[in-house]
Protein chains: 2
Amino acid sequence: MIFSYNQLFEFTKGILMQIGCPEKDALLAADVLLSADLRGVDSHGVARLSGYVRLWEKGRINPIPQIKIVHETPSTAVVDGDGGLGLVVAPYAMQVAIDKAKNAGTGWVSVKHSNHYGIAGYHAMMALEHDMIGISLTNASPLVSPTFSKERLLGTNPISVAIPADKQPPFVADMATTTAANGKLEILQRKNLDAPLGWVQDKEGHPTADSNGVKKGGALLPLGGDREHGSHKGYALGAIVDIFSAVLSGANYGPWVPPFVAFLDPDPNPVGEGIGHFFGAMRVDAFRPADEFKSHMDNWIERFRKAETTPGHEKVIIPGDPERELEAERKKSGIPLLAPVVEDLKNLGERFGVSFS
Amino acid sequence: MIFSYNQLFEFTKGILMQIGCPEKDALLAADVLLSADLRGVDSHGVARLSGYVRLWEKGRINPIPQIKIVHETPSTAVVDGDGGLGLVVAPYAMQVAIDKAKNAGTGWVSVKHSNHYGIAGYHAMMALEHDMIGISLTNASPLVSPTFSKERLLGTNPISVAIPADKQPPFVADMATTTAANGKLEILQRKNLDAPLGWVQDKEGHPTADSNGVKKGGALLPLGGDREHGSHKGYALGAIVDIFSAVLSGANYGPWVPPFVAFLDPDPNPVGEGIGHFFGAMRVDAFRPADEFKSHMDNWIERFRKAETTPGHEKVIIPGDPERELEAERKKSGIPLLAPVVEDLKNLGERFGVSFS
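Here the structure is a predicted model, which is why all the values come from computation and not from measurement. (Residues numbered from 1 in each chain as written. Chains lettered and ligands numbered in written order. Predicted model: local features only at pLDDT ≥ 70, side-chain atom pairs only at ≥ 80, totals over all residues. Heavy atoms only, no water.)

Enquirer: I keep staring at the overall build of chain A and nothing clicks. Help me out?
Expert: When its secondary structure is counted, chain A shows ten helices and twelve strands. Radius of gyration (C-alpha) of chain A: 20 Å, near the 21 Å computed for a compact globule of 357 residues. Considering only residue pairs separated by 6 or more positions, chain A has 65% of its internal contacts joining residues 24 or more positions apart. Working note: accessible area of chain A is about 13200 Å², and carbon and sulfur atoms make up 52% of it. Looking at charge distribution, chain A has the averaged site of its 35 positive side-chain charges lying 1 Å from that of its 42 negative ones. (Helix = DSSP H or I, 4+ residues; strand = E, 2+ residues; numbered from the N terminus. Rg over C-alpha atoms; globule rule 2.2 N^0.38 Å. Contact = heavy atoms within 4.5 Å. Areas by Shrake-Rupley, 256 points an atom, 1.4 Å probe, with all protein chains shown as cover. Lys, Arg positive; Asp, Glu negative; His and termini not counted. Charge placed at Lys NZ, Arg CZ, Asp CG, Glu CD.)

Put into structure tokens, the structure is as follows:
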């Protein structure tokens, strides 16, 4: 089933206003949430809307947060999200990073007391129009086991870096620090297919091809998959994201990060407030003239794009290419949603008196 | 064969002074180079000394560089290494980042016209004694093929992040953005063993278990190993390191990075100067009080270290643990060198009149 962007946007905005968000925040949050659907990260888009509503019902999301800077230096700040939607807190904090960069060359903002913030790439890309490099990190519910750990201690802790070019579209990396994102497992689960080894371990800590392994008490694996293929590196990357997002800001880290699903309660003895994010903005002309930088980025991108390929592949992909192409297509032709998601949204609409169809 | 740290240090310093380095620079470079041997990254230590000398013979290393800041803002700088040893240029640039952080909260330095800088971790760890987080990136000779590329377009482009703790030793990640570092392949080559699939592709771009595959015109693979296991993420990470190190500074990037081996000439049409590095320093008290941060880092480290393990493993390792343990041991018991390395160093000593034994 295909829905237009505008239809999903109005619906999302309507629901968020019904749970008490001011219109301005509802507009922004809908824009962030739906950028995931446009860019093909369907697991992080409108499919999560009822999850956010359930967190609000539990009192775990504050629809009218007083987001504020609680500490700062010329190039840094800590932002307290006051329990607001990450979809609103994150753009606020990224804007602080951008404003800092205007004066100090770079800006770096660590955020506490927030919630899930949609796709990492949205916030990193905010820097592009200012001729800045944008960086966006967040921690998340513990679903990932470090190398040699049976316990789940980290989230999928994504890293996004957006870098402007001139004639070429920007370079936009946006990746979980796991071998595969949870959304890819969900696709296999629906089709009743196995997962490649290296994605999941079972409850006992053994590698497994069971795509339901995480639901059965297992864990996602860090990028690399196993020690021989460098999973200690994926683990280190996820750990760095966790520390920058939460130990720097005063949010919860590691196994203490509150779960996204409302049916699991947060740890009764938290080590911080809410979940954490980390944002960076670097003015490219804090290093060299922006036109010089961007023309070399064009050269970088063109050289990589035209590289000779391995057998069976047509081109070398520049990070951000597939998402940008999908975004153009879905803006025009609409966003496909799965039947259970449509059902879920219809129920949500009926409950809050917001029409969905 | 085992050699004391002091013996190798005096020898290295002596050779570097013979090629014209001022004593102060020779002392620093020897310290950086040998930190690799102490920490078990044997491929990046004294075994490379004769490689640096061969580059000097070709006029590709300037022993008396005028290293200087060529552009700056409150939190950023570009450093021109003037063709000096990366072993000397990198600590200079990291110190600039640390000094910037003292005033602006953070400091970020991109470096051009440099050479190989030893292990990334040395420079990142310079931040620790200042209660700062240190970051160190560098590009390197193109030996790595991006996902779907037959061509080698990236170096092993490492990422190091050093984070201070209180009672616990610091968290120090130091990793190539490939599945495996070249040094690990060399170990397999000497033993005539195959490499695991996912480390190397052959000249035609097919996965191969041939541990000599790179020497035969193949390539190292980005962390992840293949698309199914997330090699596009390792490729993106290596690309980010390349862009921060070289496109920001004006160094050579991608396939234009000058090779470390002196028998291969640099590209006759360079896109920049020398190789590039990128350094960051963030004062932890630019975010929250340092004692608070460090005590939470202790808690983070202790929680991960005591996690329940997968079958057959004794403990979850904190990044930096193995290197620190080896460093303590090798400082006491000496540094083992392979016979061909010893032979090479003896020849170097005879040629320059510096005693080795």
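Further notes follow.
Enquirer: When you look at the environment of B:Gly230 in this model, what are you seeing that I'm missing?
Expert: Residue placement: B:Gly230 occurs in the loop between β10 (219-220) and α7 (231-247). Take B:Gly230: its relative accessible area is 0%, and that puts it in the buried class. Other than its neighbours up to four places away in sequence, B:Gly230 contacts A:Thr179, A:Leu223, B:Leu223 and B:Gly224. (Buried < 20%, exposed > 50% of the residue type's maximum accessible area, 1.4 Å probe, protein only.)

Enquirer: Looking at this structure, how should I read the domain arrangement of chain A?
Expert: Interfaces are often described in size by the accessible area the parts lose on coming together. Residue and element names in this part refer to chain A. If you check the domain split of chain A, you get domain 1 (65-179 + 226-292) and domain 2 (181-220). On a C-alpha basis, the centres of domain 1 and domain 2 stand 26 Å from each other. Taken together, the contacts link nine residues of domain 1 with 13 residues of domain 2. Looking only at domain 1, the three residues that lose the most surface to domain 2 are Leu-143, Lys-150 and Thr-179, adding up to 52% of its buried area. Where domain 1 touches domain 2, the interface holds zero salt bridges. (Domains from an automatic or database assignment. Buried area = accessible area lost by both parts, 1.4 Å probe. Salt bridge = Lys/Arg side-chain N within 4 Å of Asp/Glu carboxyl O.)

Enquirer: Which parts of the structure should I look at to understand the pattern of salt bridges?
Expert: Side chains that differ in charge, positive against negative, can pair when their charged atoms come close. One pass over the structure, following the stated rule, counts 40 salt bridges over all chains. For A:Asp42, the salt bridge is made with A:Arg330, and the minimal N-O distance between the two is 2.9 Å. Taken as a pair, A:Asp42 in the loop between α2 (23-38) and α3 (49-57) and A:Arg330 in helix α9 (residues 321-333) lie far apart in primary sequence, 288 residues in all. Note that B:Lys100 is salt-bridged to B:Glu72, the shortest N-O span being 2.6 Å. In this pair, B:Lys100 sits in helix α4 (residues 86-104) while B:Glu72 sits in strand β2 (residues 68-73), placing the two residues 28 residues apart along the sequence. Taken together, the salt bridges that share partners define one network made up of A:Glu10, A:Lys13 and A:Glu23.

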